[in-house]
2 protein chains.
Amino acid sequence: MARGAERHNARPRAPLTRERVLRAAIDLADREGLEALSMRRLGQQLSVEAMSLYNHVANKADLLLGIADLAGSEIYLPSTVDDWRAEMRRRAISARDVFSHHPWVSGLLEAQTDPPIPATLRQHNAVIGCLRAGGFSMAATAHAFSLLDCYIYGWASQEATLPFETDDEVGELAAASLAQLPRDEYPHIAEMITEHTMKPGYSYADEFEFGLDLILDGLDNLRDGASAS
Amino acid sequence: MARGAERHNARPRAPLTRERVLRAAIDLADREGLEALSMRRLGQQLSVEAMSLYNHVANKADLLLGIADLAGSEIYLPSTVDDWRAEMRRRAISARDVFSHHPWVSGLLEAQTDPPIPATLRQHNAVIGCLRAGGFSMAATAHAFSLLDCYIYGWASQEATLPFETDDEVGELAAASLAQLPRDEYPHIAEMITEHTMKPGYSYADEFEFGLDLILDGLDNLRDGASAS
DNA sequence: ACCTGAACACCGTTCAAGT
DNA sequence: ACCTGAACACCGTTCAAGT
């Protein structure tokens, strides 16, 4: 067994690159949360001292920007050719999916960076272009843009705080939180849980498309030449 | 000048209480941001060693829960007597105002804690009660609740990332970001800035009530006995 | 009962030194 | 060119010791 210098770790050689550092950081954040992503812990994952990472990443802010851009680029980019409603709908649902796979992404994309994150700029540009092509005035585009992004990012942060991961768990968890709840102090919450949330057919995830469609319906009235309600 | 033991600080005696600790923490977070709020820095503000704080606060998580509850309690609590639309509107605008005075609050209120933050429970209970009294079914109440909170919290996190604080600064800042923007790569963003954002009358803050009213209009159709559109 | 000093196990980051 | 060890200035928190 001549192993020589590369003896102390199973995967010794593959040289560090920015790409490899960012991928490992995404893995770590997905598995253990963003707060577990420290330079030292990330170094361990790559069988390297923390200081080596600084050869591929300027600092921690650059690392976070890098993973936000990489994961943010997975979100569907709307085009100007199809109808605006289908495109905005598809983009919103894609963002919801990406944010639910990587719960740390939405927060990082919202963080103010200088320069701005390319994935965000591409999204902004594509959304504005799609709405303009769909018949929205400049002012209406600004309205629609702000409303949609508030909803999408708001959903992401609400979802990230949910105590359950799948709809199967909703029932038992609702029962558990109901047991701890001072029912006389919060009667309306108690009623909501017993008569709605705990019922079999309930799915919190369905709320997303409901709200999204309500917003899209409302925005439709804003377009040039839209029939007044 | 007989000053004796209390010589090394201007405000020496007022004994530490949980209230005083929380107030000082809110001040510090407002002035320098949540990331500046460490136990050691907070101790300094109160002319006390960091370890003394643990006599009034279980740990840092408890401190954060405490300031979230205190600031969150400033948000208007909707009643069941007035009409649902006015109440929901007033509550949303109040939340927007509180979140804009204390940009760190919305994030803390969204954080999952066990037990839940009382201010949040009171809000949830009041909102559900108001909507139910306003003629919303259980399912419609869940829809409305989710949509409104996504929008309100989404707005807060979008606003927290804005690079400007007042509407006066919008113009110059838009010009500055336009100068750095690769215009051929992001033509629609460039157009939006030059032809809308940079124009004198534009106010990002106005977008909040626009989106809010669009959502309230949509929700109005959900009520029992609402006229079908 | 409340406050403190020293200590522990962590952070991000710099810098001189190694290969 | 890339990686490392030691060091610095920070964290939250525990614990024995002071008053």
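Residues numbered from 1 in each chain as written. Chains lettered and ligands numbered in written order. Predicted model: local features only at pLDDT ≥ 70, side-chain atom pairs only at ≥ 80, totals over all residues. Heavy atoms only, no water.

## A short note on the protein's contact with DNA strand D
For step 1, the next point in the chain: Around DNA strand D, the structure places 16 residues, and the nearest of them are Ser52 of chain A together with Met39, Arg40, Tyr54 and Lys60 of chain B.
For step 2, the next point in the chain: Protein-proximal atoms of DNA strand D, defined as those within 4 Å of the protein, fall in sugar or phosphate at a share of 52%.
For step 3, the next point in the chain: The contact in question runs from a phosphate oxygen of DNA strand D to an N or O atom on the backbone of Met39 of chain B, over 2.9 Å.
For step 4, the next point in the chain: The element that contributes the greatest number of residues to the surface near DNA strand D is helix 2 (residues 39–45) of chain B, accounting for three residues. (Near = heavy atom within 4 Å. Polar contact = N/O pair within 3.5 Å; in protein donor to acceptor, adjacent residues only side chain to side chain. Helix = DSSP H or I, 4+ residues; strand = E, 2+ residues; numbered from the N terminus.)

## Quick look at the interface of chain B and chain A
For step 1, the next point in the chain: Chain B puts 50 residues into the contact, and the matching count from chain A is 50 residues.
For step 2, the next point in the chain: Between chain B and chain A, a total of about 4,200 Å² is buried, with carbon and sulfur atoms accounting for 69% of that surface.
For step 3, the next point in the chain: At the boundary of chain B and chain A, one finds zero salt bridges.
For step 4, the next point in the chain: Seen at the junction of chain B and chain A, the total is eight residue pairs in polar contact (both at pLDDT 80 or more).
For step 5, the next point in the chain: Of all the secondary-structure elements, those providing two or more residues to the side of chain B that touches chain A are helix 6 (118–133), helix 7 (138–160), helix 9 (187–197) and helix 10 (206–220) of chain B.
For step 6, the next point in the chain: When residues in the side of chain B that touches chain A are grouped by element, the largest group, 15 residues, is from helix 7 of chain B.
For step 7, the next point in the chain: Residues belonging to the side of chain B that touches chain A are distributed by class as follows: 25 nonpolar, 16 polar and nine charged. (Contact = heavy atoms within 4.5 Å. Buried area = accessible area lost by both parts, 1.4 Å probe. Salt bridge = Lys/Arg side-chain N within 4 Å of Asp/Glu carboxyl O. Nonpolar A, V, L, I, M, F, W, Y, C, P; charged D, E, K, R; others polar.)

## Observations regarding the protein's contact with DNA strand C
For step 1, the next point in the chain: Neighbouring residues of DNA strand C: 16 residues in total, closest Met39, Arg40 and Lys60 of chain A together with Glu49 and Ser52 of chain B.
For step 2, the next point in the chain: Looking at DNA strand C alone, sugar and phosphate atoms form 53% of those within 4 Å of the protein.
For step 3, the next point in the chain: At 2.8 Å, a backbone N or O of Lys60 of chain A approaches a phosphate oxygen of DNA strand C.
For step 4, the next point in the chain: With three residues, the top contributor of residues to the surface near DNA strand C is helix 2 (residues 39–45) of chain A.
For step 5, the next point in the chain: Residues of the surface near DNA strand C, tallied by class, amount to six nonpolar, five polar and five charged.

## Notes on the pattern of salt bridges
For step 1, the next point in the chain: Evaluation of the coordinates by the stated rule reveals 20 salt bridges over all chains.
For step 2, the next point in the chain: Among the ionic pairs, Glu19 of chain A bridges to Arg23 of chain A, the shortest N-O distance being 3.0 Å. Of this pair, Glu19 of chain A and Arg23 of chain A both sit in helix 1 (residues 18–32), four residues apart, roughly one helical turn.
For step 3, the next point in the chain: On the basis of relative accessible area, Glu19 of chain A is assigned to the partly exposed category, the value being 43%.
For step 4, the next point in the chain: Accessibility expressed as a relative area gives 42% for Arg23 of chain A, which makes it partly exposed.
For step 5, the next point in the chain: For Arg91 of chain B, the salt bridge is made with Asp149 of chain B, and the minimal N-O distance between the two is 2.9 Å. Taken as a pair, Arg91 of chain B in helix 4 (residues 84–101) and Asp149 of chain B in helix 7 lie far apart in primary sequence, 58 residues in all. The pair Arg91 of chain B / Asp149 of chain B is uniform in exposure class, with both members buried. (Buried < 20%, exposed > 50% of the residue type's maximum accessible area, 1.4 Å probe, protein only.)

## Examining the domain arrangement of chain A
Residue and element names in this part refer to chain A.
For step 1, the next point in the chain: Partitioning chain A into domains gives domain 1 (2–57) and domain 2 (76–228).
For step 2, the next point in the chain: At the interface, four residues of domain 1 touch four residues of domain 2.
For step 3, the next point in the chain: Roughly 350 Å² is buried in total at the junction of domain 1 and domain 2, and carbon and sulfur atoms are behind 73% of that figure.
For step 4, the next point in the chain: The three residues of domain 1 that bury the most area against domain 2 are Ile26, Asp30 and Leu34, which together make up 86% of that side's buried surface.
For step 5, the next point in the chain: The tally of links from domain 1 across to domain 2 stands at two residue pairs in polar contact (both at pLDDT 80 or more). (Domains from an automatic or database assignment.)

## Describing the environment of Ala156 of chain A
Residues and elements named next belong to chain A.
For step 1, the next point in the chain: Residue position: Ala156 is located in helix 7 (residues 138–160).
For step 2, the next point in the chain: Separated by 59 residues in the primary sequence, Ala156 and Asp97 have C-alpha atoms spaced 9.4 Å apart.
For step 3, the next point in the chain: Filtering out sequence-adjacent residues up to four positions away, Ala156 remains in contact with Phe99 and Ser106.

## Some thoughts on the relation of the copies chain B and chain A
For step 1, the next point in the chain: For the pair chain B and chain A, the relating rotation is 180°, the translation along its axis is 0.0 Å, and the fit reaches an RMSD of 0.0 Å. The symmetry that links the two subunits is that of a two-fold axis. For chain B, the residue whose C-alpha comes nearest the rotation axis is Gly154 of chain B, separated from it by 1.8 Å.
For step 2, the next point in the chain: Of the interface residues in chain B, 100% have counterparts in chain A that sit at the interface too, so the contact is made through matching surfaces. (Least-squares fit on C-alpha atoms with pLDDT ≥ 70 in both.)

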